[in-house]
Amino acid sequence: MVTKISPARDYLLFGVFAIAVLTMPVWLAPIGAGYPDLLQKFAIFGLFATGFNLLFGLTGYLSFGHAAFLGVGSYTAVWSFKLLGMNPIPAAILAVVTSGVFALAIGYVSLRRSGIYFSILTLAFAQMSYNLAYSVLTPITNGETGLRVLESDPRLFDSSANADGPLISNLFGIEMTGYAGFYFCAVVLLIGFFIAQRIFRSPFGIMLRAVKTNQNRMNYTGLNPRPYTLAAFVISGMYAGLAGALMCITDPLAGAERMQWTASGEVVLMTILGGAGTLLGPILGAALIKYFENIFSAFNEQTLHEAFSFLPDFLEYPVVSVAGLFVGEGWHLTLGVLFMLIVIFLPGGIMEGVSRIGRLFRRSSSKVEPSGATAPAE
Amino acid sequence: MSLIRKPLNRRSILRAGAVGGAALATPTIFTSKVWSAGYLNEPTGAEVILGFNVPQTGAYADEGADELRAYQLAVKHLNGEGDGGMLNTFSSKALQGNGVNGKKVAYVTGDTQTKSDAARASAKRMIEKDGAVMITGGSSSGVAIAVQSLCQEAGVIFMAGLTHSNDTTGKDKRKNGFRHFFNTEMSGAALAPVLKNAFGTDRTAYHLTADYTWGWSQEGSIKKYTEGMGWNTAAAVRTPLGAGDFSQYITPVLNSGADVLVLNHYGKDMVNSLTQAVQFGLRDKQVNGKDFAIVVPLYSRLMAQGAGENVKGIFGSTNWHWSLQDEGSKAFVKSFGQEYGFPPSQAAHTTYCQALLYADAAQRAGTFEPCALAAALEGFEFDGMGNGPTLYRAEDHQCFKDVLVVKGKENPSSQFDVLEVVEVTPRSQVEYPAEMLGGELGACNNGA
């Protein structure tokens, strides 16, 4: 089933991944993605998708309400800023704890069902949380306006010296914006990735895969899958909470729209696009979606005309008007087309593409495996 | 077999970076970021880049589309294309129609989606990646406040678009942020006398309020002024933004004993709630021996068009209306109409003015440096932009100008001619002391 992977290779993978993440500002610059805000998004949503993948990729439980934990993490982090001070570390820890508790409650109820019923239950819970944050809980969440840190907040542990400084979270004097913020997120992503890697390799991870493979058989063997799935759900919720906290650490504002079902859907898209059940896939998927969202939505007719200015006029206008449908406000269309292509031709996501290319290279050196089921790359 | 030494998965992962990069290497326009010692995003080439951050999707998308049209028109006029629009009527003659400070005006756009998160992300992109030296736009106060504080922290100028909440230049005001649009305080002050004449002083109002900063602000202002002239407030109910169906909120109005319904809604929300209120027969009712009335404190032509027949005779206030007959308004309506084939909305007007005011301040200051530019805007008196003599007050960066009280027209002559101006409330009547709304401007930020 799972090929035995030596620890050395794991460390090598982790090392390469770490270097790739930390040098992102350099190698992403030529494609226009090397600016701090987008890099932060890559790291944050990479973490979110990694956590989601621990649940969906390993146990096969498709949660449609993961954004709720993201939102809970965000609100906790901002409250921690408001009450305790602008240090990101307590904010992150509290966010993980709160979202963990929240996930425990939701998971306890939702995991009584599996398949589509589980998805619908989580979706319902998330939508409930969203509506609560939007209306009933406005004293806590500040509703549509979004929760912000104000000058008048107590911030117990902040020295009064930086009382009139900008209200940005800072780690012992380093302001968590720009590249500093990115590196903070990147380090958290690496820690999260490392833990995910350990979980993938652990006996616990094997049990989770067993849940995905055949839960009935597991039951007959005398194993109760519920504690395993619940643990996976809580861990996954904690990842989401941490990602939510990071969003607020780089930009201290929490809005209810983070919990909307579209946000939950987005992380599902990221994971499937990249390759569910693989370690790197969700991170790639997250990066791809965020890249599209930020870069394609920014194109307007002016930039298109510049891009196609080499064409003669009678061609330029039709080309621009067709291409215009796919950029700017129409970037979702591009994403949709891409998603369809990937799901149809590469059901295993980008990672399946990668392994297919890998197989092409291998074909010359050794005989090809009879590849029956498309095993995930990792 | 080669199962054991089959490192396919491993190696493929090592290649993932390269392939992922290839997947990402979709064509894109790479604008180099220019950092220099002076201030953030100082334009060093032949162009200056402005960031237009408007809702292109969501509940306020109509307003956003109109704002973007106005911005594009403003850029044309600044660069000397087209007929020059309001540049010809604007009292300051610093701009010559040859760009600003010798630089051609270029722009980047972003979609706020009427969400604070998305708006901040796209503003950040424009500042960090595209090198925008000013951000402008927005069609919601929540978004405007979020983006304004972002611009303050980053160190660029923010020229607010359509935002009507008191807080934008009240308790959330910032040194780097400026607002041309009026606010709920002015709406209240302008509307109250008209409502008094129309409905008398013995009325009971029922508020339905969009549940976010603008709704709260407007509810507060209208309550303050109506209660000041003797009205009672039966209840004020908060409704979620973008609710769509307001029937559950409208039914209780019938039995509340109120005889005036105040709809603190905007955009599609207002279209829906007003339509439903009329369908429920509120306007045909008699309560306490008086005709039931509906008031929509913030009106726009786009909304009135959306609500159709239902707006007839309903009072509200607006920042500007295309039927105004001063030279500035006529010039703007003419060039906007020539370009797009229909008259501009108040959202288009305010954003067009903001773009011109920014460019003019930069020209007068001789630089795009935020602090110098802010100083040039503070206390700036101007005319010829459709609102009569206007002041950019230094204390809170709020524009003071006449406020229009309008009414849904009984006999519209065209699909755009849906509002009639009832009264132009003079600026002196809507002025208030800057301290009244609280907040601190703080220090300006050059972002260097």
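All figures in this text were calculated on a predicted structure; none of them were measured in a lab.

Engineer: Mind showing me how you'd approach the overall build of chain A here?
Structural biologist: Across its full length, chain A carries 17 helices and four strands. At 22 Å, chain A has a C-alpha radius of gyration in line with the 21 Å of a compact globule built from 378 residues. Expressed as lengths along the three principal axes of its C-alpha atoms, the size of chain A is roughly 70 × 70 × 40 Å. Put simply, chain A has 378 residues, and 49% of those count as buried. Here the analysis covers contacts within chain A between residues at least 6 apart in sequence; of these, 78% occur between residues at least 24 apart.

Engineer: How should I be thinking about the overall build of chain B in this particular structure?
Structural biologist: Tallying secondary structure elements over chain B gives 13 helices and 17 strands in all. In terms of overall dimensions, chain B is globule-like: its C-alpha atoms have a radius of gyration of 24 Å, near the 22 Å expected for 448 residues. A principal-axis box enclosing the C-alpha atoms of chain B has dimensions of 90 × 70 × 45 Å. Across the 448 residues of chain B, 58% fall into the buried class.

Engineer: For this particular structure, what's the right way to read the domain arrangement of chain B?
Structural biologist: The extent of an interface is frequently quoted as the accessible surface area lost upon association of the parts. All names here are of chain B. As far as domains go, chain B holds domain 1 (47-182 + 322-402) and domain 2 (185-318). When each unit is reduced to the centre of its C-alpha atoms, the spacing between domain 1 and domain 2 is 29 Å. Contacts between the two partners involve 17 residues from domain 1 and, on the opposite side, 19 residues from domain 2. Breaking the side of domain 1 that touches domain 2 down by element, the ones donating at least two residues are helix H2 (61-78), helix H4 (141-154) and helix H11 (346-365). Residues that form the side of domain 1 that touches domain 2 fall into these classes: six nonpolar, seven polar and four charged.

Engineer: Explain helix H11 (residues 226-250) of chain A to me, please; I cannot follow it from the model alone.
Structural biologist: Three- or four-residue spacings in an α-helix give side chains the same orientation, since the helix completes a turn every 3.6 residues. The first and last C-alpha atoms of H11(A) sit 36 Å apart over 25 residues, in line with the 36 Å expected at 1.5 Å per residue. In terms of burial, H11(A) is a largely internal element, 20 of the 25 residues being buried.

Engineer: Whenever I open this one, the sheet that holds strand S8 (residues 260-264) of chain B confuses me. Can you help?
Structural biologist: Backbone-to-backbone hydrogen bonds pair the strands of a sheet. The strands run either parallel or antiparallel. Residues and elements named next belong to chain B. The mixed open sheet is built from seven strands, whose spatial order is S7-S6-S8-S11-S12-S16-S17. For this open sheet the edge positions go to strand S7 (232-239) and strand S17 (419-425), each flanked by a neighbour on one side alone. Pairs of neighbouring strands in the sheet enclose a mean axial angle of 20 degrees, with direction left out of account. Across two bridges, strand S11 (residues 293-298) lies against strand S12 (residues 315-318) in parallel orientation. Opposite Val295, over in S12, you have Phe315 as the bridge partner.

Engineer: Sorry if this is basic, but what is going on with the packing of helix H1 (residues 7-22) of chain A against helix H8 (residues 178-201) of chain A here?
Structural biologist: Relative orientation and spacing of two packed helices are given, respectively, by the angle between their axes and the distance between those axes. Residues and elements named next belong to chain A. The contact between H1 and H8 brings their axes to 11 Å, and the two run at 160 degrees. The angle between H1 and H8 places the two elements in the roughly antiparallel class. The interaxial crossing formed by H1 with H8 has right-handed handedness. Contact with H1, carried on its side by Asp10, Phe14, Phe17, Ala18, Val21 and Leu22, involves Ala186, Leu189, Leu190, Phe193, Phe194, Gln197 and Arg201 of H8 and no other residues of that element. A class-by-class count of the residues in the contact of H1 with H8 yields ten nonpolar, one polar and two charged.

Engineer: Teacher, can you tell me more about the nonpolar core here?
Structural biologist: Nonpolar side chains tend to gather and get buried jointly when the protein is soluble and globular. Phe48(A), Leu242(A) and Val156(B) are the most contacted members of the largest nonpolar core, which has 239 residues in total. Both domain 1 (47-182 + 322-402) and domain 2 (185-318) of chain B contribute no fewer than three residues apiece to this core. When near neighbours in sequence (up to four residues on either side) are disregarded, Val156(B) contacts Leu40(B), Asn41(B), Ile127(B), Ala132(B), Val133(B), Met134(B), Ile135(B), Cys151(B), Asn176(B), Pro370(B) and Gly447(B).

Engineer: Is there a simple way to think about the UniProt feature "domain: Leucine-binding protein" (unreviewed entry) in chain B in this case?
Structural biologist: UniProt annotation of "domain: Leucine-binding protein" (unreviewed entry) refers to residues 50-409 of chain B when read in the numbering used here. Across residues 50-409 of chain B one finds 41% helix and 20% strand; the C-alpha atoms that close the span lie 38 Å apart.

Engineer: Looking at this model, I keep getting lost on unusual backbone geometry. Mind explaining?
Structural biologist: Glycine aside, residues mostly have negative phi angles, and peptide bonds mostly take the trans form. The phi torsion at Thr114(B) lies on the positive side, around 55 degrees, for a residue other than glycine. Mapped onto the secondary structure, Thr114(B) falls in the loop between strand S2 (104-111) and helix H3 (116-128).

Engineer: Explanation requested: the packing of H3(B) against H4(B) in the structure shown.
Structural biologist: All names here are of chain B. Interhelical geometry of H3 versus H4 gives an angle of 35 degrees and a closest axis separation of 9 Å. The handedness of the crossing between H3 and H4 comes out as right-handed. Contacts between H3 and H4 pair Ser116, Ala119, Arg120, Ala123, Lys124 and Ile127 from the former with Gly142, Val143, Ala146, Val147, Leu150, Cys151 and Ala154 from the latter. Looking at the contact of H3 with H4, its residues break down into nine nonpolar, two polar and two charged.

Engineer: Please clarify how the sheet that holds strand S15 (residues 399-400) of chain B should be interpreted in this entry.
Structural biologist: Residue and element names in this part refer to chain B. In space, the three strands of this open sheet follow the order S13-S14-S15, with antiparallel pairing throughout. Either end of the sheet is taken by a strand with one partner, and the two such strands are strand S13 (380-382) and S15. As paired strands, strand S14 (residues 390-392) and S15 are joined by two bridges and run antiparallel to one another. Within the sheet, the bridge partner assigned to Leu391 lies in S15 and is Phe400.

Engineer: It is not clear to me how the environment of Phe125(A) should be interpreted in this structure. Could you clarify?
Structural biologist: All names here are of chain A. Structurally, Phe125 can be placed in helix H6 (residues 115-136). Residues Phe125 and Glu316, 191 residues apart in the sequence, show an inter-C-alpha distance of 49 Å. Apart from the residues lying within four places of it in its own chain, the contact partners of Phe125 are Gly65, Ala68, Ile106 and Ser110.

Engineer: Where do I start with helix H13 (residues 281-295) of chain A in this structure?
Structural biologist: Between its terminal C-alpha atoms H13(A) stretches 21 Å, which fits the 21 Å expected from 15 residues at 1.5 Å a residue. Among the 15 residues of H13(A), 14 are classified as buried, and the element is accordingly described as predominantly covered.

Engineer: Where do I start with the confidence of the model for chain A in this structure?
Structural biologist: Keep in mind that low pLDDT regions are not for reading the predicted coordinates in detail. Residues and elements named next belong to chain A. For chain A, mean pLDDT is 85; residues scoring 70 or higher make up 92% of the total. When mean pLDDT is taken per element in chain A, helix H5 (residues 88-110) scores highest with 94 and helix H14 (residues 301-307) scores lowest with 73. Predicted confidence is poor over residues 367-375, with pLDDT under 50, and the contacts of this stretch with residues over four places away or in other chains come to six contacts.

Engineer: Please clarify how the environment of Thr98(A) should be interpreted in this entry.
Structural biologist: Residue and element names in this part refer to chain A. Mapped onto the fold, Thr98 is located in helix H5. The sequence separation of Thr98 and Gly241 amounts to 143 residues, and the corresponding C-alpha distance is 7.8 Å. Discounting residues that sit within four places of it in the chain, Thr98 has contacts with Val72, Thr76 and Gly241.

Engineer: I tried to follow the pairing of S12(B) on my own but got confused; where do I start?
Structural biologist: Strand residues, when the strand is regular, have side chains that alternate between the two faces of the sheet. All names here are of chain B. Of the two faces of S12, the one lined by Phe315 and Ser317 and the one lined by Gly316 and Thr318 are each fully buried. Regarding the hand of the β-α-β motif, the stretch spanning S11, helix H9 (residues 301-307) and S12 is right-handed. In this structure, S12 lies alongside strand S16 (residues 403-408), joined through four bridges in antiparallel fashion. Paired with Phe315 across the bridge in S16 is Lys407.

Procedures and definitions
- Residues numbered from 1 in each chain as written.
- Chains lettered and ligands numbered in written order.
- Predicted model: local features only at pLDDT ≥ 70, side-chain atom pairs only at ≥ 80, totals over all residues.
- Helix = DSSP H or I, 4+ residues; strand = E, 2+ residues; numbered from the N terminus.
- Rg over C-alpha atoms; globule rule 2.2 N^0.38 Å.
- Buried ≥ 20, exposed ≤ 12 C-beta atoms within 10 Å, placed from the backbone.
- Contact = placed C-beta atoms within 7 Å.
- Domains from an automatic or database assignment.
- Nonpolar A, V, L, I, M, F, W, Y, C, P; charged D, E, K, R; others polar.
- Expected span 1.5 Å × (residues − 1).
- Pairing = 2+ DSSP bridges.
- Axes fitted to C-alpha atoms, helices over the stretch in contact; angles between N-to-C directions.
- Parallel < 35°, antiparallel > 145°, perpendicular 65-115°, else oblique.
- Left-handed = near helix turned anticlockwise from the far one by under 90°.
- Core = buried A, V, L, I, M, F, W, Y, C linked by C-beta atoms within 7 Å.
- UniProt positions renumbered as here; feature names shortened; annotations may be inferred.
- pLDDT = per-residue confidence, 0-100.
- Right-handed = clockwise from strand over helix to strand, strands pointing away.

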